[in-house]
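# Architecture at a glance
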Amino acid sequence: QIKESATLTRDVLEQHFNDLKGTLKKLLDERLLSLLQEVDAIEQESIKPLDECQKLIEHGVSTADELLREGESAVSGDVGQQNEKLCSFTKKALHIQLDSLPEVPPLVDVPCLSAQLDDCLLTILKNQIFRHGTVASRPPVQLEEFVEKPGGILVRWCKVDEDFTPQDYRLQFRKGTASHFEDAYVGSETEFTVLHIDPNVDYQFRVCARGDGRQEWSPWSVPQLGRTTLVPHEWTAGLEGYSLSSRRNIALRNDSQACGVLYSKAPTYFCGQTLTFRQVLLGIETVGQPDRRDSLGVCVEQQNGFDSLQRDKAVCISTNGAVFVNGKEMTNQLPAVTSGSTVTFDMEVVQLGPCSNEGGNFKLRVTISSNNREVVFDWVLDQCCGSLYFGCSFSYPGWKVLVF
């Protein structure tokens with residue numbers, strides 16, 4: 001573990017600083033190009049009027065030089081031609097303004113470019129670089145427990161550094177020997193159920209934390225293996241009135257006029273486990289119009305021909321919060337099931353009298369929780385039940401339920 005983590009840490013450091021060097025070089029090159037373009041633009045803009053002034057002066061000097069040569073020729077020529085040449089010279093001289101010059105910008109208005117470079121940048125960069133990055137030998141959080149769930153694993157972690165004040169946790173996992181971890185959870189809780197886990201397959205998990213008021217994450221915990229042997233909960237496919245997700249763990253009541261109870265594919269709920277109904281991420285999301293026959297719950301066996309779980313050999317909660325045991329409504333009531341609700345069922349066995357393969361009196365202690373409230377009661381059956389079906393029934397479209 002020490003050698004493996006040390007090798008991994010070296011690789012991470014080398015990759016990170018190589019990336020930094022490449023990024024810094026790119027940024028410096030871009031800044032240099034920007035400054036050079038700024039110099040070019042100022043040069044072109046400032047030198048244009050001076051170039052025009054220089055052309056005017058050169059043209060005036062050339063004209064005066066040409067007139068001077070013409071005057072010298074008139075003076076030195078024959079007497080007969082002097083009058084004619086002097087007359088031509090005089091006319092040209094009158095039309096040329098030899099004493100006028102174009103306006104030349106004053107010296108204070110002529111730009112003088114220079115580069116202003118602040119040497120303190122190197123000092124700032126040096127101080128930041130020398131403080132950048134740390135090497136920690138012990139992460140502040142560690143994985144604590146794995147609990148098998150049908151098609152999932154409940155992962156718990158804990159803080160092991162008393163001086164560390166966590167703000168958020170980050171849980172990652174990867175299947176078998178996959179090369180990359182993927183995020184499963186980011187938040188303030190210290191446990192999370194990772195779903196869509198294949199049964200009897202090893203998964204690697206790791207967790208880290210972010211300190212209070214900080215942006216960077218702590219070192220990762222020691223990766224640990226977890227697995228579940230429990231097959232995932234699935235709804236039965238093919239029932240008119242319900243559409244299922246690809247994994248068959250989400251049921252959507254569609255706009256079909258058909259009614260009936262949607263059961264699980266198999267009796268995959270075992271006593272001692274927690275059965276949870278909710279919509280992906282937000283609980284039951286697109287809530288349809290409620291009906292007194294609506295129900296979520298568990299039952300001993302599938303019974304077709306019913307439009308609700310409010311029947312014998314079943315316990316359920318209606319969308320208005322009423323609890324039914326073997327078809328009879330209890331006096332205790334839970335909050336109504338609305339958008340964002342989560343409903344859980346917990347059961348433990350309490351046996352009454354002898355139980356054999358032929359059956360016998362059997363009691364289950366049932367806890368149903370919804371919106372931070374719960375009811376507890378005993379469910380008496382006439383047969384031993386090692387596993388149970390779950391089911392739901394909704395009269396109107398819009399209800400969307402995830403089970404796990």
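This structure is a prediction, so every number in the text was calculated from the model and none was measured. (Residues numbered from 1 in each chain as written. Predicted model: local features only at pLDDT ≥ 70, side-chain atom pairs only at ≥ 80, totals over all residues. Heavy atoms only, no water.)

## Details of the overall build of the protein chain
Filter applied, for reference: Working definition: helices are DSSP H or I runs of at least four residues, strands are E runs of at least two. Numbering for both runs from the N terminus. Atoms considered for the radius of gyration are the C-alpha atoms alone. The globule rule reads 2.2 Å times the number of residues to the power 0.38. Only protein chains enter the area calculation, which uses a 1.4 Å probe; residues under 20% of their type maximum are buried, those over 50% are exposed, and those in between are partly exposed. Whether two residues are in contact is decided by their heavy atoms, any of which lying within 4.5 Å being enough. Per-residue and other accessible areas were derived by the Shrake-Rupley procedure at a 1.4 Å probe size, with only the shown protein chains allowed to occlude residues. The charge count treats Lys and Arg as positive and Asp and Glu as negative. His and the chain ends do not count. Every charge is mapped to an atom, namely NZ of Lys, CZ of Arg, CG of Asp or CD of Glu.
What the protein chain contains, in helices and strands, is three helices and 21 strands. Taking 2.2 N^0.38 as the reference for a compact globule, 404 residues should give roughly 22 Å; the C-alpha atoms of the protein chain span a radius of gyration of 43 Å, well beyond that estimate. Taken over the C-alpha atoms alone, the protein chain extends approximately 155 × 60 × 35 Å along its principal axes. Classification of the 404 residues of the protein chain by burial places 31% in the buried group. When contacts within the protein chain are restricted to residue pairs at least 6 apart in sequence, those whose partners lie at least 24 apart make up 60%. Entry remark: accessible area of the protein chain is about 25,400 Å², with carbon and sulfur atoms responsible for 52%. The positive charge centre, built from 39 side chains, and the negative charge centre, built from 55, are 8 Å apart in the protein chain.

## Some words on the nonpolar core
Quick reminder of the rule: The term nonpolar core refers to a set of buried residues drawn from Ala, Val, Leu, Ile, Met, Phe, Trp, Tyr and Cys, joined through side-chain atoms within 4.5 Å.
M347 and W379 are the most contacted members of the largest nonpolar core, which totals 35 residues. By size, the runner-up hydrophobic cluster in this structure holds 16 residues, among which are V141, I153, V155 and L171.

## Some points on the state of the cysteines
Selection criterion: A pair of sulfur atoms, both from cysteines and within 2.5 Å, is called a disulfide here.
Using the criterion set out here, one finds zero disulfides in the structure. The thiol of C208 is unpaired, and the distance to the nearest cysteine sulfur, on C158, comes to 15 Å. Unpaired in terms of disulfides, C271 finds its nearest cysteine sulfur in C385, a separation of 7.7 Å. Judged by its relative accessible area of 23%, C271 falls in the partly exposed class.

## Description of the sheet that holds strand 12 (residues 274-278)
This is how it is decided: For two strands to pair, DSSP has to find at least two bridges joining them. Only the contacting stretch of a helix is used when fitting its axis, a line to C-alpha atoms as for every element, and angles between N-to-C directions run 0 to 180 degrees.
One open sheet holds the seven strands; their spatial order is 8-9-21-12-17-18-19, and the pairing between them is antiparallel. The sheet is open, and its two edges are formed by strand 8 (242-244) and strand 19 (373-381), each paired on a single side. Looking at each pair of strands side by side, their axes are set apart by 20 degrees on average, direction ignored. Inspection of the sheet shows strand 8 paired to strand 9 (residues 250-253) by three bridges, in the antiparallel sense. Bridge assignment links L244 to a residue of strand 9, and that residue is A251.

## Thoughts on the packing of aromatic side chains
This is how it is decided: Two rings from Phe, Tyr or Trp (for Trp, the six-membered ring) form a pair when their centres are within 6.5 Å of each other. A pair whose planes differ by under 30 degrees is stacked, one over 60 is edge-to-face, and the rest are tilted. Only Lys NZ and Arg CZ are tested; either one counts as a charge over a ring when it is within 6 Å of the ring centre and within 35 degrees of the ring normal.
A complete count under the given rule lists eleven aromatic pairs for this structure. On the numbers, 5.3 Å between centres and 45 degrees between planes, the contact of F146 with F205 is tilted. You can see F146 sitting in strand 1 (residues 141-149) and its partner F205 sitting in strand 6 (residues 203-211), a full 59 residues away along the chain. Of the residues examined, F146 reaches a relative accessible area of 25% and is grouped as partly exposed. Residues F394 and W399 carry aromatic rings whose centres are separated by 5.0 Å and whose planes lie at 10 degrees to one another, so their mutual orientation is stacked. Aromatic ring contacts, followed pair by pair, group F146, F173, Y203 and F205 into a single cluster. When the ring centre of F181 is taken as origin, the NZ or CZ atom of R206, which lies over that ring, is 4.0 Å away. Over the ring of F306 we find R311; its NZ or CZ atom is 5.6 Å from the centre of that ring.

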